[in-house]
Amino acid sequence: MTELTPLHGKRILLIIGGGIAAYKTLELIRRLRDKGVHVRALMTKAAHEFVTPLSVSSLTGEKVYTDLFDLTDEAEMGHIQLSRDADLLLVAPATADLMARMVAGMANDLATTALLATDKPVMVAPAMNVRMWEHKATQRNIAQLAQDGVGFIGPDDGDMACGEFGPGRFSETPDIIAAVENHFRASSEPLSGSLAGPLAGRHILVTSGPTHEPIDPVRYLANRSSGKQGHAIAGSLARLGAQVTLVAGPTTQPNPAGVTVVQIETAREMLAACQTALPADGVICAAAVADWRVAQDAEQKMKKGPDGVPALALTENPDILATISQLPKGKRPALVVGFAAETEKVIEHATAKLARKKCDWLVANDVSPASGVMGGDMNTVHVLSATGRDDWPQLSKTEVAERLARKVADYFST
Ligand code: CTP
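These lines cover the structure that appears in this document, whether it is placed above or below.

Cut-offs and rules
Residues numbered from 1 in each chain as written. Predicted model: local features only at pLDDT ≥ 70, side-chain atom pairs only at ≥ 80, totals over all residues. Heavy atoms only, no water. Helix = DSSP H or I, 4+ residues; strand = E, 2+ residues; numbered from the N terminus. Rg over C-alpha atoms; globule rule 2.2 N^0.38 Å. Contact = heavy atoms within 4.5 Å. Areas by Shrake-Rupley, 256 points an atom, 1.4 Å probe, with all protein chains shown as cover. Lys, Arg positive; Asp, Glu negative; His and termini not counted. Charge placed at Lys NZ, Arg CZ, Asp CG, Glu CD. Buried < 20%, exposed > 50% of the residue type's maximum accessible area, 1.4 Å probe, protein only. Near = heavy atom within 4 Å. Polar contact = N/O pair within 3.5 Å; in protein donor to acceptor, adjacent residues only side chain to side chain. 1 Å grid on protein atoms, 1.4 Å probe; cavity = no way out; pocket = protein on both sides within 12 Å on 5 of 7 lines; lining within 4 Å. Sits in = over half its atoms within 2 Å of the grid points. Nonpolar A, V, L, I, M, F, W, Y, C, P; charged D, E, K, R; others polar. Pairing = 2+ DSSP bridges. Axes fitted to C-alpha atoms, helices over the stretch in contact; angles between N-to-C directions. Points joined across faces, edges and corners; volume = space filled by probe spheres on them.

**A look at the overall build of the protein chain**
Within the protein chain one finds 14 helices and 21 strands. A compact globule built from 414 residues should have a C-alpha radius of gyration of about 22 Å, and the protein chain, at 23 Å, falls within 12% of that. Along the longest, intermediate and shortest principal axes, the C-alpha atoms of the protein chain span 70 × 65 × 35 Å. In the protein chain, of all internal contacts separated by at least 6 residues, the share reaching a separation of at least 24 is 68%. Carbon and sulfur atoms provide 53% of the accessible area of the protein chain, an area that totals close to 19600 Å². Within the protein chain, one finds 41 positive and 47 negative side-chain charges whose respective centroids are separated by 4 Å.

**Considerations on the environment of Gly 197**
Among the secondary structure elements, Gly 197 is positioned in the loop between α9 (173-186) and β8 (203-208). Gly 197 gets classed as partly exposed once you look at its relative accessible area, which sits at 28%. Residues Gly 197 and Gly 372, spaced 175 residues apart in sequence, show a C-alpha to C-alpha distance of 34 Å.

**Focus on the site of the ligand**
As a matter of local geometry, the ligand sits amid 15 residues, with Cys 285, Ala 287, Phe 339, Lys 353 and Lys 357 nearest to it. Asp 319 has a polar side-chain atom sitting 3.5 Å from a nitrogen atom of the ligand. Protein contacts shield 80% of the accessible area of the ligand, which totals 570 Å² for the unbound molecule. Given that more than half its atoms are within 2 Å of the pocket grid, the ligand belongs to the second largest pocket. Of all elements in the fold, only α12 (320-325), β16 (335-342) and α13 (346-357) reach the threshold of two or more residues within the shell around the ligand. If you tally residues by element for the shell around the ligand, the top one is β16, at four residues. When the residues that make up the shell around the ligand are grouped by side-chain class, the tally is nine nonpolar, one polar and five charged.

**Side note on the sheet that holds strand β12 (residues 260-263)**
Strands sit in the order β12-β11-β8-β13-β16-β17-β19-β20 across an open sheet of eight strands; the sheet is mixed. Two strands close off the open sheet at either side, each with one partner strand: β12 and β20 (388-391). Adjacent strand axes in the sheet meet at a mean angle of 15°, parallel and antiparallel pairs treated alike. The pairing of strand β17 (residues 361-366) with strand β19 (residues 381-385) spans five bridges and is antiparallel. Bridge pairing in β19 links Leu 362 to Leu 384. On the sheet, helix α11 (residues 267-277) packs against β8, β11 (243-248) and β12 and is oriented at approximately 175° with respect to β8.

**Considering the layout of surface pockets**
Approximately 1300 Å³ is the volume found for the second largest pocket. In terms of lining, the second largest pocket is formed by 48 residues, of which the most central are Ala 287, Ala 288, Val 289, Ala 341 and Met 374. At four residues, the largest contribution of residues to the lining of the second largest pocket is made by β16. Its residues assigned to classes, the lining of the second largest pocket comprises 21 nonpolar, 18 polar and nine charged.

**Brief notes about the side chain of Thr 118**
Take Thr 118: it is sitting in the loop between α6 (110-117) and β4 (122-126). A polar contact is formed between the side chain of Thr 118 and the backbone nitrogen of Lys 120, at a distance of 3.0 Å. Filtering out sequence-adjacent residues up to four positions away, Thr 118 remains in contact with Ser 83, Arg 84 and Leu 89.

**Some details on empty space enclosed by the protein**
One pass over the structure, following the stated rule, counts one cavity of 30 Å³ or more. If you add up the space inside the largest cavity, you get close to 40 Å³. What lines the largest cavity is simply Arg 11, Ile 12, Leu 13, His 38, Arg 40, Leu 82, Asp 85 and Ala 86. Ranked by residues supplied to the lining of the largest cavity, first place goes to strand β1 (residues 11-16) with three residues.

**Focus: the sheet that holds β4**
Taken in spatial order, the five strands make up an open sheet running β2-β1-β3-β4-β5, and their pairing is parallel. Only two strands of the sheet have a single neighbouring strand rather than two, namely β2 (38-43) and β5 (151-152). As defined by bridge partners, β1 adjoins strand β3 (residues 88-94) across four bridges and the pair is classed as parallel. Of the residues in β3, the one forming a bridge with Leu 13 is Leu 89. Across the sheet, helix α2 (residues 53-60) is in contact with β1 and β2; its angle to β2 comes to roughly 170°.

Structure, rendered in structure tokens:
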């Protein structure tokens, strides 16, 4: 039986790129159709190497489009109509090559022609080898696509078919479906910084990602934060109409649409960027700021020598959340939200942290290695405030971001 969800009755043009993850789109099509989505599929030539048009077509229940110069296809449905007869274009898996061609505005096959001709929203679910994902060219293309308004789903971190480990893995089917559902939910909301929307006219500052603290010109201290949660929060707030400044440490996350992003590396740079961005109505400190930095980082690369192993003397970094929370009245944002990353006694430590940092809400989560939160896509959080504690179920980081943004909107509307 078909469930009634925000996806029910929606039309998706699924563009299948040529990567090993292409076979996973068969399951994706099935799940989307279970939710009442009308799926039409288009495959690149390279995708044929990984999945057959016959399998795709038996699952969509439709003809599969592949060739730009197919006269029968053109007579039945021209490529322009194909690209517009959908509520959303979903590129999955989005390969490095396909994204590069999208950035360049190429139209040298049916997939890129449809993507260039469309007037509908586009989301991409990338999948590629970790080195390809991390390559500067791909990172440039991702930033450009995000700036062009393309929505990103993943990629995940993990083991890959090529035997390497890291970011670049195709997102799991339920996560892709959740992101598409969120898109349809959010697209009924007004755009970022617009005059309408529950957070219209509010400026919200968000910190996200890790900080890197230099040891010498080539080495640094860091942590495992991916920036996924903070970036998702910035995107959700923008979709509710807020003007959002995101102060971000080094991450591979694409810039969320409609958000002003300030890139920094160290905790001291993060504090300076936050101070520049103030005043704000609200602040959400989701960054995993390094508590310590090397007291005196070396000007030249440290070399091995007869003196043995160097001793690193550390000194404490400024606490951005506590600094903002304790600004004098009139300068302090009305709502200050912190995060508490704990590996044990989550509630006990978070309760103490709420009091110590003097913020209004504290979102506590378990980041022990067993939880899989650091770098993963799921999160289980508890929202603490002076009035009590709200325990949220395990949710995707996108869903945590949506809920938190709505809670912020409720705060400002009462
Ligand atoms: N935070 C910050 N500046 C710092 C350290 C932390 O703004 N120098 C913020 C984080 O963004 C987060 C909150 O403070 O919102 C708590 O961070 P967490 O790392 O959990 O706490 P710590 O301050 O490091 O405390 P502890 O060492 O006791 O875990």
